Amino acid sequence: MKKSIFLAAGLLFSMSAQAQFLDIIKSTVKSKTGVDLNVPVKNSGTATTPATTTTTTSGKTNNSPVNLGSLTSTQISSGLKEALSMGVTDGVKKLAVTDGFFKNEAVKILMPEKLRKIDTTLRSIGMGSLADEGVKLLNRAAEDAVTEAAPIFANAITSMTITDAKNILLGSNNAATSYLQGKTQTQLFSAFQPKVKASLGKVGADTLWKNLISKYNTFTGQAVTTDLNEYVTTETINGVFKMVADKESGIRNTPAMRTTSILQKVFGAQDGK
């Protein structure tokens, strides 16, 4: 009986604490962005739009209305699409050049975790240059393959809905990138795998790694194997999303990076401008 009373009291306290926490969030959002989560949206100054439905981490929905001020649905959609397009274009452009991956510490592809003991062993027997070359060629393959991302991203950006755009605008610093990742991850992997495989052969990474692993197995008496194609494909995709996320965060938080009028209008609204 006592246990039931404690559980009931704990539940009531938890619900009360959550309500207080929600009030704090609403107050903070209003003071920082001018967005009043208790006021219905008016579209183009006339019709009232329904509450925006967002999914919480628990899988439940939150039907709180949002106020996007003078922004129209078309402006919001255009601004988000432009921000994502800039992120993808800039990201792919920077990665798809010599050293685009290899000399960018944020996205550089390192020795696969499964093979890092090979790196240690090779260096201990004076073959560090072979290990270095192996890592460099993994990055060269990624640099060669990354251009495959552009058309897939373009299709996902074009298909963004008005509801998607509103949720993204009021989301976190990488909400647009997360949307893009959810829409393209599987398609990107399928498109990248054959390209990465060809790129590994093109830059000679496949041959060098076979030699590297063979030498290690001979020296240690082990039989280490790994799927380099899958590993480089995954790391290449992760690198692209990292670059897009950085661009998105910059546009959201740095007015100087809003280089077009639509970006200034849409993201400036979050500054209370």
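Conventions we followed
- Residues numbered from 1 in each chain as written.
- Predicted model: local features only at pLDDT ≥ 70, side-chain atom pairs only at ≥ 80, totals over all residues.
- Heavy atoms only, no water.
- Helix = DSSP H or I, 4+ residues; strand = E, 2+ residues; numbered from the N terminus.
- Buried < 20%, exposed > 50% of the residue type's maximum accessible area, 1.4 Å probe, protein only.
- Contact = heavy atoms within 4.5 Å.
- Areas by Shrake-Rupley, 256 points an atom, 1.4 Å probe, with all protein chains shown as cover.
- Axes fitted to C-alpha atoms, helices over the stretch in contact; angles between N-to-C directions.
- Left-handed = near helix turned anticlockwise from the far one by under 90°.
- Nonpolar A, V, L, I, M, F, W, Y, C, P; charged D, E, K, R; others polar.
- Salt bridge = Lys/Arg side-chain N within 4 Å of Asp/Glu carboxyl O.
- Core = buried A, V, L, I, M, F, W, Y, C linked by side-chain atoms within 4.5 Å.
- Parallel < 35°, antiparallel > 145°, perpendicular 65-115°, else oblique.

Here's the deal with the overall build of the protein
Counting its secondary structure elements, the protein contains 10 helices and four strands. In the protein, the order of α-helices and β-strands from amino to carboxyl end is α-β-β-β-β-α-α-α-α-α-α-α-α-α. For the protein, with 273 residues in total, the buried portion stands at 38%. Sequence-distant contacts, at least 24 apart, represent 78% of the contacts inside the protein between residues at least 6 apart. Accessible surface, the protein as shown: approximately 14,800 Å² in total, 56% of it carbon and sulfur.

Topic: the packing of helix 4 (residues 128–145) against helix 8 (residues 205–220)
Taken N-terminus to C-terminus, the directions of helix 4 and helix 8 make an angle of 145 degrees; their axes are 10 Å apart at the nearest point. When you trace helix 4 past helix 8, the crossing you get is left-handed. Only Ala-205, Leu-208, Trp-209, Leu-212 and Lys-215 of helix 8 make contact with helix 4, whose side of the interface consists of Leu-130, Ala-131, Glu-133, Gly-134, Val-135, Leu-137 and Leu-138. Looking at the contact of helix 4 with helix 8 residue by residue, the class counts come to nine nonpolar, one polar and two charged.

As for the pattern of salt bridges
This structure, assessed with the given rule, holds 11 salt bridges. The salt bridge partner of Arg-140 is Asp-99, with a shortest N-O separation of 3.0 Å. Here Arg-140 is found in helix 4, whereas its partner Asp-99 is found in the loop between helix 2 (73–95) and helix 3 (116–124), with 41 residues between them in sequence. Residue Glu-248 pairs with Arg-252 through a salt bridge whose shortest N-O separation is 3.0 Å. Of this pair, Glu-248 and Arg-252 both sit in helix 9 (residues 228–253), four residues apart, roughly one helical turn. Judged on exposure class, the residue Glu-248 and its partner Arg-252 are both buried. What you see here is one network of salt bridges that share partners, running through Asp-99, Lys-103, Arg-140 and Glu-143.

Details of the nonpolar core
Within soluble globular proteins, side chains that are nonpolar tend to cluster in buried spots. Membership of the largest hydrophobic core comes to 63 residues, with the highest contact counts inside it found for Leu-80, Leu-180, Trp-209 and Val-232. If you tally residues by element for this core, the top one is helix 9, at nine residues. Discounting chain neighbours no more than four positions away, the residues touching Leu-80 are Met-160, Ala-165, Ile-168, Leu-169, Ala-176, Val-266 and Phe-267.

Quick word on the packing of helix 3 against helix 8
Where helix 3 meets helix 8, the axes come as close as 10 Å, and the angle between the chain directions of the two elements is 70 degrees. By the angle between their directions, the pair helix 3 and helix 8 is classed as roughly perpendicular. Across the interface between the two elements, Lys-117, Ile-118, Thr-121 and Leu-122 from helix 3 touch Leu-212, Ile-213, Tyr-216, Phe-219 and Thr-220 from helix 8. Its residues assigned to classes, the contact of helix 3 with helix 8 shows six nonpolar, two polar and one charged.

Don't take any of this as a statement about function, it's just geometry.
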